[in-house]
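# Structural characterization, general
Residue-level listing of the chains:
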Amino acid sequence: MITETMSNSIITRDHLAKAMTYTQYRELIDTLLANNKTTGSNHSEAMVEYTRMNAQRMRRVEKTTVLDNELVDLMLSVQNKMTWVILTEAWCGDAAQSVPALVKIAEASPLIDVKLLLRDENPALMDAYLTNGGRSIPKLIVLDADTLEEIGTWGPRPEPAQQLFLDMKAKDVPYKEFVEQLHGWYGKDRSKTLLQEFKQLIRSWARLQSPEEQPMERL
């Protein structure tokens, strides 16, 4: 979760107006794949195949990501409206592994709206949210829904996955092994680390309902 960000968001209402919902993003990917294309300008066979694998990964993550009661209660206690902007691309494996889980977390609160923007269509925005100098995605930017002031960021990976990535990069691990190890980590973790990280992040980002204001325990 190492980030290099500007102090205030540069995201505007115009950005949000052209952003997609998660459903629209998934529909776009399916439409592109039906035409042997992906997002961005590189529609090579390899990039399309990455996207096809990522569609399968997203379906799996959608099915296997389960919020525990603690996180559900935490999200229901959020009192401030937020907009979660996610920079992503269909061909990105890390995005496929994390974006569906991010969306599931956000959907647990009626006060959080999720918007997706494609990285390569928004280079200036992406360059305001670099990780170690690179355009790593997915990148989540959390905004106050009314003022668009930046509240926080997350991405591009859960901390253990990011450390694994950095370690393999430092060792110049061959690409095939690199991908197998990284996605092997995601497959074993099943979004559990990401969900745990967000328990802490939500407490720092959100205005939460105090215990005495909490409704009676749900049955």
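Residues numbered from 1 in each chain as written. Predicted model: local features only at pLDDT ≥ 70, side-chain atom pairs only at ≥ 80, totals over all residues. Heavy atoms only, no water.

Within this model, the largest pocket holds a volume of roughly 450 Å³. In terms of lining, the largest pocket is formed by 20 residues, of which the most central are Gly-93, Asp-94, Tyr-175, Val-179 and His-183. Elements with a minimum of two residues in the lining of the largest pocket: α3 (45-64), α5 (93-107) and α8 (175-189). Of the residues that constitute the lining of the largest pocket, the class distribution is eleven nonpolar, four polar and five charged. (1 Å grid on protein atoms, 1.4 Å probe; cavity = no way out; pocket = protein on both sides within 12 Å on 5 of 7 lines; lining within 4 Å. Points joined across faces, edges and corners; volume = space filled by probe spheres on them. Helix = DSSP H or I, 4+ residues; strand = E, 2+ residues; numbered from the N terminus. Nonpolar A, V, L, I, M, F, W, Y, C, P; charged D, E, K, R; others polar.)

What follows covers unusual backbone geometry. In most cases, non-glycine residues show a negative phi, while peptide bonds are predominantly trans. The omega angle of the peptide bond from Ile-137 to Pro-138 is 5 degrees, so this bond is cis rather than trans. Residue placement: Pro-138 occurs in the loop between β4 (129-130) and β5 (139-144). Between Gly-155 and the following residue, Pro-156, the backbone shows a cis peptide bond with an omega angle of 10 degrees. By secondary structure assignment, the location of Pro-156 is in the loop between β6 (150-154) and α7 (159-170). Look at Arg-190: it is not a glycine, yet its phi comes out positive at around 55 degrees. Mapping Arg-190 onto the fold places it in the loop between α8 and α9 (192-205).

Across all of its chains, the model carries eight salt bridges by this definition. Salt-bridge contacts for Asp-120 lead to Arg-119; the nearest nitrogen and oxygen are separated by 2.7 Å. Under the relative-accessibility criterion, Asp-120 is labelled partly exposed at 39%. Judged by its relative accessible area of 16%, Arg-119 is buried. (Salt bridge = Lys/Arg side-chain N within 4 Å of Asp/Glu carboxyl O. Buried < 20%, exposed > 50% of the residue type's maximum accessible area, 1.4 Å probe, protein only.)

The next thing to look at is the environment of Ser-136. Note that Ser-136 resides in the loop between β4 and β5. Spatially, the C-alpha atoms of Ser-136 and Val-114 are 19 Å apart, while their sequence positions differ by 22 residues. Look past the residues within four positions of Ser-136 in its chain and what remains in contact with it is Met-126, Thr-131 and Pro-156. (Contact = heavy atoms within 4.5 Å.)

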